[in-house]
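# Architecture at a glance
Residue-level listing of the chains:
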2 protein chains.
Amino acid sequence: MRIKEFRAILGKKRADFAVFYNSDSSKPNANMLYFSGYKGLGALIVSKKQEPFLAVPDMEFERAKKSMIKKIYSMEKKKFFESIYPIIKKNHLKTKNIAIDKNNFTLNSYRYFKKQFKNLKAKDISLDCLKLREIKTEKEIQFLKKSCSYADKILQKAIKNFKSFRTESEAGAFLEYEAKKKGLEISFNPIVASGSNGSMPHHEPSNSRIKKGFCVVDFGVKYKGYCSDMTRTIYIGKPGKNEKEIYNFLLSIQKNAINQIKNNQKCSKIYDFAAESLGKYKNNFTHGLGHGVGVEIHETPNLSLNSKDRVRNSMVFTIEPGIYFPKRFGIRIEDTVLFGNKPITLTKTAKDLIMI
Amino acid sequence: MRIKEFRAILGKKRADFAVFYNSDSSKPNANMLYFSGYKGLGALIVSKKQEPFLAVPDMEFERAKKSMIKKIYSMEKKKFFESIYPIIKKNHLKTKNIAIDKNNFTLNSYRYFKKQFKNLKAKDISLDCLKLREIKTEKEIQFLKKSCSYADKILQKAIKNFKSFRTESEAGAFLEYEAKKKGLEISFNPIVASGSNGSMPHHEPSNSRIKKGFCVVDFGVKYKGYCSDMTRTIYIGKPGKNEKEIYNFLLSIQKNAINQIKNNQKCSKIYDFAAESLGKYKNNFTHGLGHGVGVEIHETPNLSLNSKDRVRNSMVFTIEPGIYFPKRFGIRIEDTVLFGNKPITLTKTAKDLIMI
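The model shown is predicted, which means the values in this text are computed figures rather than measured ones.

Before going further, it helps to examine the domain arrangement of chain A. All names here are of chain A. According to the domain assignment, chain A consists of domain 1 (3-133) and domain 2 (135-345). Here the C-alpha centroids of domain 1 and domain 2 sit 34 Å apart. The interface is formed by five residues belonging to domain 1 together with six residues belonging to domain 2. Of all the elements in the fold, those that place two or more residues in the side of domain 1 that touches domain 2 are α2 (30-36) and α6 (126-134). By residue number, the principal contributor to the side of domain 1 that touches domain 2 is α2, which donates three residues. Each residue belonging to the side of domain 1 that touches domain 2 can be placed in one class, and the counts come to four nonpolar, no polar and one charged.

If you want it as structure tokens, here you go:
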């Protein structure tokens, strides 16, 4: 995506080329994926003028050929960083002013890199890449819409089947299974947190029986690499009056927070709006209000207390207020929202309290 | 695990304490997990004398309390690295000689860190941690055995059901579902690669129909955080004489490679043994022979061409030779092996060619 705009960034930074790498097969490099569609091991080089190219280990060669990149080199059987340099030299690129993403470059990788690239001046483009990825293209918006629509369908199917799940793990496994058998990745390990587990926003589904009371279900898939993210809190059994009230209170805040979003608004203001609306429960809201989504599940903009980000057209982010009572229960309601002149909710599963 | 031995490393490095951090909820910090059992967001501080402690964001507090660490601090709502420093000061630790894992410390994290810790001398302990984790304790070996035994059961169930899978995705989804509903994590996204997809060692299950011929199935789970890893290549249909021959040829190499492992042997020699045994197929073997497994799926020792590692008692690693023919097919056979005076194969699923 957006190689042309990225080249303008290289120009501004006075860098001859950018290098992104992935030496860990368990987590793709998001920028490499964004610019090339490739998520395997290797390095991506994007220069100001030449065609972008990949350097990959032999074992990944066939896979790299399925990416958007036409020019692919074998890394040979040397060490990872040692094998990148000769390929760059072969392409007659200057090797002094190089752009790198310092959020995804480890101290040791940089040390190996510097051994090869003498007199290296590394310019950090981590923020530039995040800023570029914040504004989604038409194509990306189509992928994100499709991703949200799949998440909706699968979550609704899980809710319909919820009575058949004995444990949180079974519910989580069902969500993943439905995604995977359609050939979709999940955007993160589903969270199914019943009873007191619901008070842990990042709880992992456990083998414990699903208990009566609130149950937080947080789920999303990836479609063509693009993430969706949504949470519904359902109720197992029959909620009391107070429980209904607190759920509906949170729901009204979630809806209002979405509805009041405007172009150019400070993201910290949207957070403030939700936090202040929570009144006496403000301290029970222990995380940010939301985050951008794209090829990564957590991107900018950041909708939290100290964020400097602002809302722009074609941003896609979550709105997810929550209330947590340690050792008792938790409630969270989350949608993925596109801002296109006005807020457009992409995840469409009903939000009135569902009782199972 | 092994805090005492780790403290000896701090002594040798003349470091007052080590700090490990995780600012990305999608991938736990392996050393943090190893020393604390905690895999959420936050930082772990292990000093020479004091009890280890965690600094975590509010939203992770409840979860951190379920880890092995008793002393837990809230990070408050400041920026990640800014909030670690005051907690360290509160514990009266000297802040000059600090040990960090430079394989898992990004350039930007280090920049933020240095703003707080003036006159910082950071000592790299990445290799020390890997070396420490190479030798498994009795408890870790029990976890790894259990992990392998679960992987065996699930893989065998998938093979029994293989006829019912139309696509690679369906087979992959089944493997994951069986793991997840038992409350087990998977150690990596299962690989199901049929026909020509089998020539890509890291192929991801696709929506394409499972084709006749070889089908590579690479799978593992995590039990109490500990990974298993195994591959079986099955045959869809009836293999020809040549196909049977090449499979059995690879199988004999895999078995012999395991059987000839000795204490103190160079890991590169085990690789050489397998590579040379492959004869004319040597160039069709495009990856290393194996890797350590533990809290990470890829650890040391490294069983590859240029490895400097040696086999020691209580190491656990994979042996996984493969032969790949681009655009045609691939075969890989992999076990997780414990070295305890002699090689002990922990994954026990039969290896004779299975025809579906």
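This next bit is on the interface of chain A and chain B. Contacts between chain A and chain B engage 42 residues on the former and 42 residues on the latter. With eight residues, the single largest contributor to the side of chain A that touches chain B is helix α8 (residues 168-181) of chain A. Taken together, the residues that form the side of chain A that touches chain B break down as twelve nonpolar, 18 polar and twelve charged.

Residues Ala18 of chain A together with Ala18 of chain B are the most contacted members of the largest nonpolar core, which totals 199 residues. Residue contacts for Ala18 of chain B: discarding those within four places in its chain leaves Leu10, Val46, Ala99, Ile100 and Ile125 of chain B.

It is worth spelling out the relation of the copies chain A and chain B at this point. The two copies are related by a screw operation: chain A maps onto chain B through 180° of rotation and 0.0 Å of translation along the axis, at an RMSD of 0.0 Å. Such values leave the two copies arranged in the relation of a two-fold axis. Relative to the rotation axis, the closest C-alpha in chain A is found at Thr106 of chain A, a distance of 2.0 Å. Interface overlap between copies: 100% of the residues of chain A at the interface are likewise at the interface in chain B, consistent with a symmetric, same-surface contact.

Residues and elements named next belong to chain A. Pairing is mixed across the open sheet formed by six strands, whose spatial order is β4-β3-β2-β1-β5-β6. Looking at which strands have only one partner, the edges of the open sheet turn out to be β4 (71-74) and β6 (121-124). The sheet shows a mean angle of 25° between the axes of neighbouring strands, taken without regard to direction. Alignment of strand β2 (residues 42-47) against strand β3 (residues 53-56), held across three bridges, turns out to be antiparallel. Note on β3: the bridge partner recorded for Leu44 is Leu54.

What counts, and at which threshold
- Residues numbered from 1 in each chain as written.
- Chains lettered and ligands numbered in written order.
- Predicted model: local features only at pLDDT ≥ 70, side-chain atom pairs only at ≥ 80, totals over all residues.
- Domains from an automatic or database assignment.
- Contact = placed C-beta atoms within 7 Å.
- Helix = DSSP H or I, 4+ residues; strand = E, 2+ residues; numbered from the N terminus.
- Nonpolar A, V, L, I, M, F, W, Y, C, P; charged D, E, K, R; others polar.
- Core = buried A, V, L, I, M, F, W, Y, C linked by C-beta atoms within 7 Å.
- Buried ≥ 20, exposed ≤ 12 C-beta atoms within 10 Å, placed from the backbone.
- Least-squares fit on C-alpha atoms with pLDDT ≥ 70 in both.
- Pairing = 2+ DSSP bridges.
- Axes fitted to C-alpha atoms, helices over the stretch in contact; angles between N-to-C directions.

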